[in-house]
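Each chain, written out:
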Amino acid sequence: MEVILIQDVNTLGGKNEVVKVKNGYARNFLIPQKFAVEASPSNLKQLAERLKVQKKKEDAMMAEIKSVIAKLTEAPVKLTAKTGTSGKIFGSVTTVMIARAIREQKGYEIDRRKIHLTDEVKELGTYKAKVDFANGNEAEIELEIVAEA
């Protein structure tokens, strides 16, 4: 018997997957527990429609991510820091400071946990940071650290 999984089942597969199982397993466990529905023509048509809507949402999200990446990489993000006479920063630049600067300068709210500094920022100058948008999408942004006036 073929069934459409409504949610992930460890030994069978993932959500929205059509799998073939024994009749008893489907009737006595999967369907009563609301893990699956029978793969009837109407249910298969609903599945195709759900997958089409999901694909459209993913495409829209990818387009939004691409536009955010383009906006972030077009110009460096400027951060000000208190410095000593030798140009060394008191403390260091953190991901919280970078997230706040991106929000103020670029207008995008980015979670600080998605920002990764390639090396420690202890002096004035230009540095690189990576922003991870998941699904293999990363942007390398440029940070410009200047002395506080």
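Definitions and cut-offs
- Residues numbered from 1 in each chain as written.
- Predicted model: local features only at pLDDT ≥ 70, side-chain atom pairs only at ≥ 80, totals over all residues.
- Heavy atoms only, no water.
- UniProt positions renumbered as here; feature names shortened; annotations may be inferred.
- Domains from an automatic or database assignment.
- Helix = DSSP H or I, 4+ residues; strand = E, 2+ residues; numbered from the N terminus.
- Core = buried A, V, L, I, M, F, W, Y, C linked by side-chain atoms within 4.5 Å.
- Buried < 20%, exposed > 50% of the residue type's maximum accessible area, 1.4 Å probe, protein only.
- Contact = heavy atoms within 4.5 Å.
- 1 Å grid on protein atoms, 1.4 Å probe; cavity = no way out; pocket = protein on both sides within 12 Å on 5 of 7 lines; lining within 4 Å.
- Points joined across faces, edges and corners; volume = space filled by probe spheres on them.
- Nonpolar A, V, L, I, M, F, W, Y, C, P; charged D, E, K, R; others polar.
- Pairing = 2+ DSSP bridges.
- Axes fitted to C-alpha atoms, helices over the stretch in contact; angles between N-to-C directions.

An unreviewed UniProt entry annotates the protein as Large ribosomal subunit protein bL9 originating from Lacibacter cauensis. Taken directly from UniProt, the Function (unreviewed entry) text for the protein runs: "Binds to the 23S rRNA."

Engineer: Would you mind showing me how to read the domain arrangement of the protein here?
Structural biologist: Size of an interface, as often reported, equals the accessible area lost when the parts are brought together. Along its sequence, the protein is carved into domain 1 (2–63) and domain 2 (65–147). One C-alpha centre belongs to domain 1, the other to domain 2, and the line joining them spans 42 Å.

Engineer: How should I be thinking about the UniProt feature "domain: Ribosomal protein L9" (unreviewed entry) in the protein in this particular structure?
Structural biologist: As recorded in UniProt, the sites labelled "domain: Ribosomal protein L9" (unreviewed entry) are residues 13–40. Taken end to end, residues 13–40 is 29% helix and 21% strand, and its two terminal C-alpha atoms sit 19 Å from one another.

Engineer: Explain the nonpolar core to me, please; I cannot follow it from the model alone.
Structural biologist: What tends to happen in soluble globular proteins is that the nonpolar side chains get buried as a cluster. Ile98, Ile102, Ile115, Phe133, Ile141, Leu143 and Ile145 are the most contacted members of the largest nonpolar core, which has 24 residues in total. Taken together, the elements giving at least two residues each to this core come down to helix H2 (41–73), strand S4 (77–81), helix H3 (95–105), strand S6 (125–132) and strand S7 (138–147). Contact partners of Ile115, with chain neighbours within four places excluded, come to Thr95, Ile98, Ala99, Ile102, Ile110, Ala129, Lys130 and Val131. One finds Val3, Val9, Ala26 and Leu30 within the second-largest nonpolar core, a separate group that totals eight residues.

Engineer: What should I look at first to understand the layout of surface pockets in this one?
Structural biologist: Over the atoms rolls a probe the size of a water molecule, and in doing so it shows where empty space is left. Here the largest pocket is characterised by a volume of approximately 150 Å³. Of the residues belonging to the lining of the largest pocket, the class tally is six nonpolar, no polar and four charged.

Engineer: Even after reading the chapter, I still don't get the sheet that holds strand S5 (residues 115–117), so can you show me in this structure?
Structural biologist: Backbone-to-backbone hydrogen bonds pair the strands of a sheet. The strands run either parallel or antiparallel. Spatial strand order, S4-S7-S6-S5: four strands in an open sheet with mixed pairing. If you trace the sheet from one side to the other, it starts and ends with S4 and S5, each paired once. On average, each strand axis in the sheet is tilted by 35 degrees relative to the strand beside it, whichever way the strands run. Bridge count between S5 and S6: three bridges; the pairing is antiparallel. Bridging across to S6, Leu117 finds its partner in Ala129.

Engineer: What's the story with the sheet that holds strand S1 (residues 2–5) in this structure? I'm lost.
Structural biologist: Pairing is antiparallel across the open sheet formed by three strands, whose spatial order is S2-S1-S3. Edge strands, defined here as strands with exactly one partner in the open sheet, are strand S2 (18–20) and strand S3 (36–38). Strand-to-strand twist of the sheet, defined as the mean angle between neighbouring strand axes without regard to direction, takes the value 40 degrees. Of the strand pairs in this sheet, S1 and S2 are connected by three bridges, and their pairing is antiparallel. The residue bridging Glu2 from the neighbouring strand is Lys20, located in S2. Where H2 meets the sheet, its contacts fall on S1, S2 and S3, and the angle it forms with S1 comes to roughly 35 degrees.

Engineer: What is the right way to read the side chain of Asn137 from this model?
Structural biologist: Along the chain, Asn137 turns up in the loop between S6 and S7. Excluding residues that lie within four positions of it along the chain, Asn137 makes contacts with Met62, Ile65, Lys66, Ile69, Val131 and Asp132.

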